[in-house]
Amino acid sequence: MYSENIHFSRAGIKFTDKHGRELSVNEAFSKAFVRFHNWLADFGLMLVHLINDNIPSHSLRNAVFRLAGGQIGNSVVHMSARFFSPSGIKIGDDTIVGYRAFLDGRDKLVIGSHVDIASEVMIYNSEHNLDSQDFHAAQSPVEIGDYVFIGPRVIILPGVKVGKGAVIAAGAVVTKDVPEFAIVGGVPAKIIGERENKDPHYKLGRARLFQ
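Residues numbered from 1 in each chain as written. Predicted model: local features only at pLDDT ≥ 70, side-chain atom pairs only at ≥ 80, totals over all residues. Heavy atoms only, no water.

(A) Layout of the overall build of the chain. Along the backbone of the chain there are two helices and 22 strands. Its C-alpha atoms give the chain principal-axis dimensions of about 75 × 40 × 20 Å. Accessible area of the chain: about 12400 Å², with a carbon and sulfur share of 56%. Side chains of the chain give 23 positive and 22 negative charges; the mean places of these two sets differ by 4 Å. (Helix = DSSP H or I, 4+ residues; strand = E, 2+ residues; numbered from the N terminus. Areas by Shrake-Rupley, 256 points an atom, 1.4 Å probe, with all protein chains shown as cover. Lys, Arg positive; Asp, Glu negative; His and termini not counted. Charge placed at Lys NZ, Arg CZ, Asp CG, Glu CD.)

Here is the structure:
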């Protein structure tokens, strides 16, 4: 709770939420507990990001990601990646997440195996409801299939499913599902081609050692 939500008068103490609605004592303490829990979560996330930014060891960064609740196979997350709620994120094997990528785990985010995610890609599964009275957040899971390639600075929005083998061109904004092996690009992303190899078996190989 913040000080502007606590009001003192001769009649006693009154609690309000951020919209000015009066709260009972139980409601106020419940909100205070949630706020304190969020502060602790934010502090833990700060430690994860501090290690991600400064420790050039994929194994150590993966271990810290797992300690924060995330699931990751034999994959690589490059330095300076950012997360919301790692416990909602699952990453398969032989997947590479690029420099300064952002992965949102406030709802389920499932990333398959052999997925190549380039630098500064942003994947969201929570966004504000613009038509709601309180501007509340609406959440939807995101799923990225095996052998997907996501180009630099792509944005993937909540509720999207990217099918196996799909390719998303650099700078695209993906607002709806992408079929298997489709190539999409643009804002919003649209199908611009189709991948010829429908039976991929490649491995991405080693990522850069100190990045």
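Having put the structure on the table, let's press on.
(B) Focus on unusual backbone geometry. Following Val187, the chain continues into Pro188 via a peptide bond in cis, with omega recorded as -10°. With respect to the element layout, Pro188 can be found in the loop between β21 (182–185) and β22 (190–194). Of note in the backbone geometry, Glu120 takes a positive phi value of approximately 60° without being a glycine. Its location among the elements puts Glu120 in the loop between β11 (116–117) and β12 (122–123).

(C) Inspection of the pattern of salt bridges at higher detail. If you walk through the whole model with that rule in mind, you get five salt bridges. Of the charged contacts in the structure, one is a salt bridge between Arg82 and Asp53, with a shortest N-O distance of 2.8 Å. Remark: Asp53 occurs in helix α1 (residues 25–54) and Arg82 occurs in strand β6 (residues 82–84); sequence separation between them is 29 residues. Here Asp53 falls in the partly exposed class, since its relative accessible area comes to 25%. Between Asp104 and Arg106 there is a salt bridge, with its nearest N and O atoms 2.7 Å apart. (Salt bridge = Lys/Arg side-chain N within 4 Å of Asp/Glu carboxyl O. Buried < 20%, exposed > 50% of the residue type's maximum accessible area, 1.4 Å probe, protein only.)

(D) Spotlight on helix α2 (residues 58–67). Every buried residue of α2 is accounted for by His58, Arg61, Asn62, Val64 and Phe65. All buried residues of α2 fall inside an arc of 160° around its axis, so they share one side. The exposed residues of α2 that point more than 90 degrees off its buried face are Ser59 and Leu67. Just beyond α2, the residue with positive phi is Gly69, at close to 105°. (Arc of directions from axis to C-beta.)

(E) Examining the sheet that holds β12 more closely. Strand order in this open sheet of five strands is β6-β9-β12-β17-β20, and the pairing throughout is parallel. In the strand order of this sheet, the two ends are held by β6 and β20 (173–174), each with one partner. The pairing of β6 with strand β9 (residues 102–104) spans three bridges and is parallel. Residue pairing in the sheet places Phe84 in a bridge with Asp104 of β9. (Pairing = 2+ DSSP bridges.)

(F) Seen up close, the side chain of Ser75. Along the chain, Ser75 turns up in the loop between β4 (71–72) and β5 (76–77). Relative accessible area serves as the criterion here: at 5%, Ser75 is assigned to the buried category. In this structure the side chain of Ser75 is engaged in a polar contact, spanning 2.5 Å, whose partner is the backbone oxygen of Gly92. Of the polar contacts made by the side chain of Ser75, one reaches the backbone nitrogen of Thr95; its length is 2.9 Å. The residues touching Ser75, leaving out its near neighbours within four places in the chain, are Asn62, Ile91, Gly92, Asp93, Asp94 and Thr95. (Polar contact = N/O pair within 3.5 Å; in protein donor to acceptor, adjacent residues only side chain to side chain. Contact = heavy atoms within 4.5 Å.)

That is the geometry; function is a separate question.
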